[in-house]
There are 2 protein chains.
Amino acid sequence: MSVFTTVTPAELAVWLKGYSIGELVELKGIAAGITNTNYALTTTQGKYVLTLFETLQAHELPYYVNLMAHLAHHGIACAAPIANLRDAYIDRLAGKPTVLVSWLQGEPVESPNPAQCRAMGAMLARLHGAGASYAGHMANPRGPAWWSATAAELYAFMPEADGRQLRAEVAQQARHRFTQLPSGVVHADLFRDNVLMQGERIGGFIDFYYACNDVLIYDLAVTLNDWCARDDGEIDDERAAALCAGYQSVRALNAAERQAWSLMLRAAALRFWVSRLWDWHKPQAGELTWRKDPAVFQRILTCHQARTEAAGWLTG
Amino acid sequence: MSVFTTVTPAELAVWLKGYSIGELVELKGIAAGITNTNYALTTTQGKYVLTLFETLQAHELPYYVNLMAHLAHHGIACAAPIANLRDAYIDRLAGKPTVLVSWLQGEPVESPNPAQCRAMGAMLARLHGAGASYAGHMANPRGPAWWSATAAELYAFMPEADGRQLRAEVAQQARHRFTQLPSGVVHADLFRDNVLMQGERIGGFIDFYYACNDVLIYDLAVTLNDWCARDDGEIDDERAAALCAGYQSVRALNAAERQAWSLMLRAAALRFWVSRLWDWHKPQAGELTWRKDPAVFQRILTCHQARTEAAGWLTG
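Computed from a predicted model, the values in this text were never measured in an experiment. Residue positions are given per chain, counted from 1 along the sequence in the order it is written. Chains carry letters and ligands carry numbers; both start at the beginning, A for chains and 1 for ligands, and go up in the order they are written. It should be noted that, the model being predicted, local features are given only for residues of pLDDT at least 70 and side-chain atom pairs only at 80 or more, the latter also being counted only at that level, while totals for whole chains, interfaces and linings use all residues. Water and hydrogen atoms play no part in the side-chain values, which are based on all heavy atoms of the structure.

*Asks:* Would you explain the packing of aromatic side chains in this entry?
*Replies:* The description of an aromatic ring pair rests on the distance of the ring centres and on the angle between the ring planes. The aromatic pairing rule takes the rings of Phe, Tyr and Trp, using the six-membered ring of Trp, and pairs them if the centres are within 6.5 Å, calling planes under 30 degrees apart stacked, those over 60 edge-to-face and the rest tilted. Scanning the entire structure with this criterion turns up 16 aromatic pairs over all chains. With centroids separated by 5.3 Å and ring planes inclined at 75°, the aromatic side chains of A:Phe53 and A:Tyr209 adopt a geometry described as edge-to-face. Taken together, the residues A:Phe53 in strand E3 (residues 47-53) and A:Tyr209 in the loop between strand E8 (201-205) and strand E9 (212-215) connect sequence positions 156 residues apart. A ring pair is formed by B:Tyr63 and B:Tyr134, whose centres lie 5.6 Å apart and whose planes are at 70°; its orientation type is edge-to-face. Within this pair, whereas B:Tyr63 is found in helix H2 (residues 62-73), its partner B:Tyr134 is found in the loop between helix H3 (114-131) and helix H4 (144-152), the two being separated by 71 residues in sequence. Through a chain of ring-to-ring contacts, three or more aromatic side chains come together here, namely A:Phe53, A:Tyr63, A:Tyr64, A:Tyr134 and A:Tyr209. Counting from the N terminus, the helices are DSSP H or I runs at least four residues long and the strands are E runs at least two residues long.

*Asks:* How should the packing of helix H4 (residues 144-152) of chain A against helix H5 (residues 160-174) of chain A be read in this particular structure?
*Replies:* Two numbers describe a pair of packed helices, the interaxial angle and the distance between the axes. Residue and element names in this part refer to chain A. Axis geometry follows a simple rule: fit a line to the C-alpha atoms, using only the stretch in contact for helices, then measure angles between N-to-C directions, giving values from 0 to 180 degrees. Remark: H4 packs on H5, axes separated minimally by 11 Å, with the N-to-C direction vectors making an angle of 155°. Comparing the axis directions of H4 and H5 gives the class roughly antiparallel. Every pair of crossing elements has a handedness; the one defined by H4 and H5 is left-handed. Residues Trp147, Ser148 and Ala151 of H4 form the contact with H5, whose participating residues are Leu166, Val170 and Gln173. For classification, angles of less than 35 degrees are called roughly parallel, those exceeding 145 degrees roughly antiparallel, those between 65 and 115 degrees roughly perpendicular, and all remaining angles oblique. Should the near helix be turned anticlockwise from the far one by less than a right angle, the crossing is left-handed, and should it be turned clockwise, the crossing is right-handed. The contact criterion used throughout is that any non-hydrogen atoms of two residues lie within 4.5 Å.

*Asks:* Just checking my understanding: could you explain the sheet that holds strand E5 (residues 96-102) of chain B for this structure?
*Replies:* Two strands in a sheet stick together by hydrogen bonds in their backbones, pointing the same way (parallel) or opposite ways (antiparallel). Residue and element names in this part refer to chain B. When DSSP finds two or more bridges between two strands, those strands count as paired. Ordered by their spatial adjacency, five strands build an open sheet running E1-E2-E3-E5-E4, and the pairing between neighbours is antiparallel. Looking along the sheet, the strands with just one partner apiece sit at the ends: strand E1 (24-29) and strand E4 (90-93). Sheet twist, expressed as the average angle between the axes of neighbouring strands with direction ignored, equals 35°.

*Asks:* Explain helix H6 (residues 216-227) of chain A to me, please; I cannot follow it from the model alone.
*Replies:* Owing to its 3.6 residues per turn, the α-helix brings residues three or four apart onto one side. All names here are of chain A. Over its 12 residues, H6 extends 17 Å from the first C-alpha to the last, a length consistent with the 16 Å expected when each residue adds 1.5 Å. In this scheme, a residue with accessible area under 20% of its type's maximum is buried, one over 50% is exposed, and one in between is partly exposed, where area comes from a 1.4 Å probe on protein chains only. Burial of H6 is extensive: 12 of the 12 residues sit out of reach of the surface. Residues Leu216, Ile217, Tyr218, Asp219, Leu220, Ala221, Val222, Thr223, Leu224, Asn225, Asp226 and Trp227 constitute the buried set of H6. The span you would expect from a helix comes to 1.5 Å times its residue count less one.

Given below as structure tokens:
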């Protein structure tokens, strides 16, 4: 259930007079997403998604919303925000900040094939290219400082061996700095459920609310760990090579990025292992959270640790 | 034939590396338009139109291109310009200024029905509403000063009775000022061939290169004279009423606009009668011009002059 705030067609019809997208034909709650209310909106002109933000406040939205607009104007497959008659993307309805975006075609894929991974890599590299001219800036709220502090609160809840592994990886990551690597706008959460696919074409990226400025190959690593992992935590070589080849068909990695690549795959696994452990052991009062299995990312991390050389995916 | 500047797929593939829209799949010249070169462009990501400007220079384009972007961001059905990696909509190829825009669905209709006229009116009013927050400004280059000066050069070429009618209308229009009427961004050239339709839905407005700031109902009058005229120059009441009702479903005309309406229909007819007479009698060297029959707009003007009251269309 993901309609936390109810909007009636009558309310919406009035609210839509502040926009240029025609008259309301149909309004339907969307049963996906756990932090915001989403409606599918059909008007005489087209189809849109209306998001009512349940936790983010209006002043926190411009980085994300202007980024989506910026990327859409560059032809990146993502939802384009629609401005109201006051020329603002961020509006208000039923006491909540809102954003109205264009409807994207496509569905998430559960088991992507290599061609889909390749398309995914190419679009991700294009996102990075188009993001280079984006003026906004946002530090990664789930970076090393966050995972170090969060892990420190988790060791007490963990079996000793797991805690040792987590502690060792946090320490290992802390011994490296990546400030010399190309950085810019990253989506930082391009799991399969945040990508709508139409066959082998990217219909669009959604859910930009972890986007931030960080090392670009971190984004590729986050994507690879979800798109190319088998159930046992091993990375599927064919899909990983396709994702990396797609990415590099648009932007080739430099020597420093290739050298940092193995460690970055571990960093990306660590970030989600820690956040899932946190949600598992410390569910927040009043917050609706899907408790997803943290062990998935522990397994991926273990595989990356065992693998001395992941750079093979980069050369095909 | 409307490919004046030839671009090869090889050239285009290189040029596209400056954009985020994927790799070239197909390039096809578009046989429409007489002032610019247009290509239909298919990439791995989608379909686009590439325009190479043959007469307008790069510094003349921002008003039009930023307007298209502004309107598209507000959900108005029009082609959205795509920015390049330098974050510019206006680029250069084969020595010509270029703009790349999203492909629009639909085809022009030759004989619009009342439902299509109604949709057209509503979208036009939405364009006017969304245009209110557009920062650019451009005087109408085809306004009273232009038609007065141009008509003065045409009388010598015209049969005496026609010249008398033209002179009288120019004088009649000069006796009125419309500065008190709501004004803003107008397309000023929304003939049927500049509107792509998908059934009764507006697929998109194209060809914004006469857009300017002027009286809003002038735009409605220009549209009505083309969309609702029968071959004999009489206006079809049902289509005219539908167009006006569609418009007013979004923005109701005020008293001053209703009073000025009949004269505005004549002004809109006069503008195109004069420009067609000019193209007929004074074709410019080196300019490719479709010599369209000026008499069409003379007949429309004559009908408007004979009709003492066109306001009936405004009340349905």
